[in-house]
Amino acid sequence: MSGPNTEYDPVEVTPLKAEQVDAAVTEALAAIEAATTLEELKEARLAHAGDRSALALANREIGALPPQARKEAGQRIGKARGRVNQALAARQVTLEEEREARILVEEAVDVTLPWDREPVGARHPITTLSERIADVFVAMGWEVAEGPVVEAEWLNFDALNLGPDHPARTMQDTFWMEPAENAIVLRTHTSPVQARTMLTRTPPIYVVCPGRVFRTDEYDATHSPVFHQVEGLAIDEGLTMAHLKGTLDHFATAMFGEGITTRFRPSYFPFTEPSAEVDLVCFVCRGAAVDADGATCRTCRGEGWIEWGGCGVVNPRVLTACGVDSQRYTGFAFGMGIDRTLMFRHGVEDLRDLFEGDVRMTAAFGTEI
Ligand code: DAH
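Computed from a predicted model, the values in this text were never measured in an experiment.

**Student:** I would appreciate a short explanation of helix α5 (residues 125-138) in the present structure.
**Tutor:** Each turn of an α-helix holds 3.6 residues, which means side chains three or four residues apart point in the same direction. An ideal rise of 1.5 Å per residue puts 20 Å on 14 residues; α5 measures up with 19 Å between its terminal C-alpha atoms. Those residues of α5 lying buried are P125, I126, T128, L129, S130, I133, A134, V136 and F137.

Quick look at the structure:
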């Protein structure tokens with residue numbers, strides 16, 4: 001850039017001096033470079049390229065110069081302003097790009113994040129398992145039967161050969177509905193559904209009845225005044241204990257997997273004769289009674305078997321009481337605890353976890369369709 005024109009410029013004004021113009025340009029470029037946001041750049045533009053900036057003022061002075069000096073001054077100022085405007089434009093582009101990039105990062109939306117913050121409820125595992133059990137039997141052609149939880153004493157006890165003074169009644173600590181003379185109880189087992197079924201249907205009968213039952217038990221890790229049983233009843237011509245065993249082996253395998261079968265131990269129930277307790281092969285040690293390290297199996301406590309429920313051949317007295325021809329038909333029945341089955345299957349150690357309504361418990365089971 002050429003220096004001031006002393007020859008033609010006796011009235012040259014200060015802002016038009018080359019050093020001053022260069023200084024203004026240097027200052028402007030520094031301010032533009034220093035602007036880190038579009039707002040700061042706007043301020044720099046106002047200060048160094050705006051109407052009141054040094055270069056704009058200098059530009060205005062050109063008119064005051066003698067005509068001979070105008071051209072050179074005009075070129076100098078024009079170039080200076082050009083440089084500043086170019087730097088502004090370049091910085092503008094850079095800062096806009098930076099802002100775009102930042103917005104892309106800051107305002108990025110992760111479309112894979114869960115959008116639904118309302119937790120979806122899960123069905124109670126007892127409900128799910130009851131249905132699974134029913135499915136095992138429905139797949140064999142059985143039907144699901146139901147009965148009321150508030151039940152007639154006669155159906156809960158008498159019809160099942162548990163007369164008023166029968167000692168087995170005390171084993172089933174009963175909730176009585178008031179007034180007592182109405183002889184209504186909260187059913188202590190699902191067996192009254194057997195009686196109801198026989199009274200209302202004609203053989204052959206194949207029914208499974210999952211349901212809620214009640215006893216005046218203490219509430220602890222293995223007892224609850226409300227719990228769940230599943231009852232099975234088959235009445236047909238020629239049914240034997242062998243059919244019962246085959247049915248329960250299938251049920252056990254369906255619940256606990258291949259190789260988990262049952263054994264019977266002699267027992268007594270008034271409604272069956274003969275009667276048996278049903279044990280399962282321990283599904284942890286698979287009957288070995290010891291775990292992989294040779295220590296006593298904790299699940300079956302070294303037995304190799306786990307108690308599962310009761311069963312037997314339906315007592316002819318029950319058939320007769322419920323209007324079934326005991327000369328023509330025989331039948332078998334069984335009753336298992338659903339809660340117990342669930343605890344075995346899923347390693348639930350405290351029965352109370354099933355009843356206290358903590359959604360962390362039920363949610364862990366998720367929803368089965
Ligand atoms: N009702 C019995 C109970 O609650 C269980 C039971 C045993 C049911 C034998 C049966 C059966 O149908 O045959 O202890």
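**Student:** Can you walk me through a negative patch on the surface in this structure?
**Tutor:** Negative charge collects at one region of the surface, where E96, E97, E98 and E100 lie side by side. In this fold, E96 is placed in helix α4 (residues 67-106).

**Student:** Explain the site of the ligand here, please?
**Tutor:** Of all residues adjacent to the ligand, which total 16 residues, the nearest are H189, Q194, R215, Q229 and E231. Between the ligand and E231, the relevant distance is 2.6 Å, taken from an oxygen atom to a side-chain nitrogen or oxygen of the residue. Burial of the ligand by the protein chains amounts to 91% of its free accessible area of 360 Å². Elements with a contribution of two residues or more to the shell around the ligand: β5 (226-236), β8 (305-314) and β9 (330-337). A per-class count over the shell around the ligand returns 5 nonpolar, 9 polar and 2 charged.

**Student:** Honestly, the side chain of T188 in this entry has me stumped. Any pointers?
**Tutor:** Within the fold, T188 resides in the loop between β3 (184-186) and α7 (192-200). Within the local environment of T188, its side chain forms a polar contact with the side chain of N156, the two groups lying 2.9 Å apart. Every residue in contact with T188, bar those within four places of it in the chain, is listed here: N156, F157, Q172, T174, V213, F214 and R215.

**Student:** How do you make sense of the sheet that holds β8 when you look at a structure like this?
**Tutor:** Through backbone hydrogen bonds, the strands of a sheet pair up, either in parallel or in antiparallel fashion. Spatially, 7 strands are ordered β1-β4-β5-β9-β8-β7-β6 in an open sheet, and the strand pairing comes out mixed. In this open sheet, the two strands that pair with only one neighbour each are β1 (143-144) and β6 (262-269). Bridge analysis of β8 against β9 gives 5 bridges, and the strand direction is antiparallel. Residue pairing across strands places G312 opposite A333, the latter belonging to β9. Against the sheet, α5 engages β1, β4 (205-214), β5 and β9, with an angle of about 165 degrees to β4. Along the sheet face, helix α8 (residues 241-256) touches β5, β6, β7 (272-281), β8 and β9 and points at about 30 degrees away from the line of β9.

**Student:** Explain the pattern of salt bridges to me, please; I cannot follow it from the model alone.
**Tutor:** Overall, the coordinates contain 11 salt bridges when judged by the stated rule. The partner of K245 in a salt bridge is D249, with the nearest N and O atoms 3.0 Å apart. You can see K245 and its partner D249 sitting in helix α8, 4 residues apart, about one turn around the helix. The exposure class of K245 is partly exposed, given its relative accessible area of 25%. For R360, the salt bridge identified is with D358, shortest N-O distance 2.7 Å.

What counts as what
Residues numbered from 1 in each chain as written. Predicted model: local features only at pLDDT ≥ 70, side-chain atom pairs only at ≥ 80, totals over all residues. Heavy atoms only, no water. Helix = DSSP H or I, 4+ residues; strand = E, 2+ residues; numbered from the N terminus. Expected span 1.5 Å × (residues − 1). Buried < 20%, exposed > 50% of the residue type's maximum accessible area, 1.4 Å probe, protein only. Patch = residues over 30% accessible without salt bridge, like charges linked within 9 Å, V, L, I, M, F, W, Y side chains within 5 Å. Areas by Shrake-Rupley, 256 points an atom, 1.4 Å probe, with all protein chains shown as cover. Salt bridge = Lys/Arg side-chain N within 4 Å of Asp/Glu carboxyl O. Lys, Arg positive; Asp, Glu negative; His and termini not counted. Charge placed at Lys NZ, Arg CZ, Asp CG, Glu CD. Near = heavy atom within 4 Å. Polar contact = N/O pair within 3.5 Å; in protein donor to acceptor, adjacent residues only side chain to side chain. Nonpolar A, V, L, I, M, F, W, Y, C, P; charged D, E, K, R; others polar. Contact = heavy atoms within 4.5 Å. Pairing = 2+ DSSP bridges. Axes fitted to C-alpha atoms, helices over the stretch in contact; angles between N-to-C directions.

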